[in-house]
Amino acid sequence: MPAPDLSLADDVTSLYVEHSTWLQGWLRRRIGDTFTAADVAQDTFLSLLDGKTATQEIREPRPFLATIANRLLAHRFRRQLLETAYLEALAGLPEEFAPSPETRLIALQSLQEIDRVLDGLPAKVREAFLLAHLVELSYAEIADRLAVSASSVKQYLARANRECLFAISF
């Protein structure tokens, strides 16, 4: 097991000590919820520990942290919308067709994982997937909307479908 990068941890700790109170206050004013603000602030600093960000090169920490926090809020909001839409769809089902609580949980987790995967795909790949699966457009219709060839649409859908399938295969 590789040794942890202590300089990264020190950099993140320093950012946390200097800016966590400000970030929580900024988030609390934006969303009006102390607990969610604390969670998102914590997640913001945790995301820096992945090593993908050169923390020592951050020149303006507050705008940088606010950008990360905004992205996390957007992801959280999108997950909540997915969950609400799913639960509303279930509420419209006759009781005998309603899934068990375990099945509901698995479906919600799968939807959230698909959302995460789609968020990491290029815009045209994501758009092609959504147009094909939610709007049920043909390859030709998607190609027209995206201003690409039908063979590009086929490649986009193959990639998106593959990524989503791998993500939800437990």
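Structure: above.
Note that this is a predicted model, so its numbers are computed, not measured.

Counting its secondary structure elements, the protein chain contains seven helices and zero strands. For the protein chain, the sequential pattern of α-helices and β-strands runs α-α-α-α-α-α-α. The globule rule puts the C-alpha radius of gyration for 170 residues at 15 Å, and the 20 Å found for the protein chain is more than 25% above it. Considered along the principal axes of its C-alpha atoms, the protein chain spans approximately 50 × 45 × 40 Å. Burial analysis of the protein chain (170 residues in total) assigns 29% to the buried set. Of all intrachain contacts in the protein chain linking residues separated by at least 6 positions in sequence, the fraction that spans at least 24 positions is 62%. Looking at the protein chain as shown, the accessible area adds up to about 11,300 Å², and 56% of this sits on carbon and sulfur atoms. Where the 18 positive side-chain charges of the protein chain centre and where its 23 negative ones centre are 5 Å apart.

Before going further, it helps to spend a moment on the packing of helix α5 (residues 123–133) against helix α7 (residues 150–168). Running from N to C, α5 and α7 cross one another at 85°; their axes reach a closest spacing of 8 Å. With respect to their mutual orientation, α5 and α7 come out roughly perpendicular. Residues Lys124, Val125, Ala128, Phe129, Ala132 and His133 of α5 form the contact with α7, whose participating residues are Tyr156, Leu157, Arg159, Ala160, Asn161 and Cys164.

To continue, consider helix α2 (residues 34–48). Taking 1.5 Å as the rise per residue, α2 with 15 residues should run 21 Å; its terminal C-alpha atoms sit 22 Å apart, in good agreement. Those residues of α2 that sit buried are Thr36, Ala37, Val40, Ala41, Thr44, Phe45 and Leu48. In a view along the axis of α2, the buried residues occupy a sector of 165°, so they form one face of it. Of the residues that open α2, the one with a side-chain oxygen 3.0 Å from the backbone nitrogen of Phe35 is Asp33.

By size, the foremost hydrophobic cluster in this structure holds 19 residues, and its most contacted members are Ala128, Phe129, Ile142, Leu146, Val153, Tyr156 and Leu157. At the level of secondary structure, the elements contributing two or more residues to this core comprise α4 (101–119), α5, α6 (139–146) and α7. No other element matches the six residues that α7 contributes to this core. Other than its neighbours up to four places away in sequence, Phe129 contacts Leu118, Leu134, Leu157, Ala160, Asn161 and Cys164.

This part covers the packing of aromatic side chains. Each pair of aromatic rings is reported with the distance of its centres and the angle of its planes. Enumeration according to the criterion identifies two aromatic pairs in this entry. A centroid spacing of 5.0 Å and a plane angle of 80° characterise the contact between Tyr16 and Phe45, whose relative ring orientation is edge-to-face. Placement of the pair is Tyr16 in helix α1 (residues 6–31) and Phe45 in helix α2, with a sequence separation of 29 residues.

Right, let's talk about the pattern of salt bridges for a bit. Close approach of charged atoms lets side chains of opposite charge pair. Here the structure, examined in full by the defined rule, presents three salt bridges. Close ionic contact of Arg116 with Glu113 constitutes a salt bridge, the shortest N to O distance being 2.4 Å. With a gap of three residues between them, Arg116 and Glu113 both fall in helix α4, about one helical turn apart. The class for Glu113 is partly exposed, based on a relative accessible area of 23%. Among the charged side chains, a salt-bridge network with shared partners connects Arg78, Asp115 and Asp119.

Turning our eyes to something else, we now look at unusual backbone geometry. The phi torsion at Glu136 lies on the positive side, around 60°, for a residue other than glycine. Along the chain, Glu136 turns up in the loop between α5 and α6. The phi torsion at Ala147 lies on the positive side, around 60°, for a residue other than glycine. On the secondary structure map, Ala147 appears in the loop between α6 and α7.

A contiguous nonpolar patch, built from Leu130, Leu134 and Val135 and spanning about 270 Å² of accessible area, is present on the exposed surface. Within the secondary structure, Leu130 is located in helix α5.

Take the side chain of His19 next. Within the fold, His19 resides in helix α1. Not counting chain neighbours up to four residues away, the residues in contact with His19 comprise Phe45, Pro61, Arg62 and Leu65.

Reading guide: rules and limits
- Residues numbered from 1 in each chain as written.
- Predicted model: local features only at pLDDT ≥ 70, side-chain atom pairs only at ≥ 80, totals over all residues.
- Heavy atoms only, no water.
- Helix = DSSP H or I, 4+ residues; strand = E, 2+ residues; numbered from the N terminus.
- Rg over C-alpha atoms; globule rule 2.2 N^0.38 Å.
- Buried < 20%, exposed > 50% of the residue type's maximum accessible area, 1.4 Å probe, protein only.
- Contact = heavy atoms within 4.5 Å.
- Areas by Shrake-Rupley, 256 points an atom, 1.4 Å probe, with all protein chains shown as cover.
- Lys, Arg positive; Asp, Glu negative; His and termini not counted.
- Charge placed at Lys NZ, Arg CZ, Asp CG, Glu CD.
- Axes fitted to C-alpha atoms, helices over the stretch in contact; angles between N-to-C directions.
- Parallel < 35°, antiparallel > 145°, perpendicular 65-115°, else oblique.
- Expected span 1.5 Å × (residues − 1).
- Arc of directions from axis to C-beta.
- Polar contact = N/O pair within 3.5 Å; in protein donor to acceptor, adjacent residues only side chain to side chain.
- Core = buried A, V, L, I, M, F, W, Y, C linked by side-chain atoms within 4.5 Å.
- Phe/Tyr/Trp six-rings, centres within 6.5 Å; stacked < 30°, edge-to-face > 60°.
- Salt bridge = Lys/Arg side-chain N within 4 Å of Asp/Glu carboxyl O.
- Patch = residues over 30% accessible without salt bridge, like charges linked within 9 Å, V, L, I, M, F, W, Y side chains within 5 Å.

Keep in mind that these numbers describe shape and distance, not what the molecule does.
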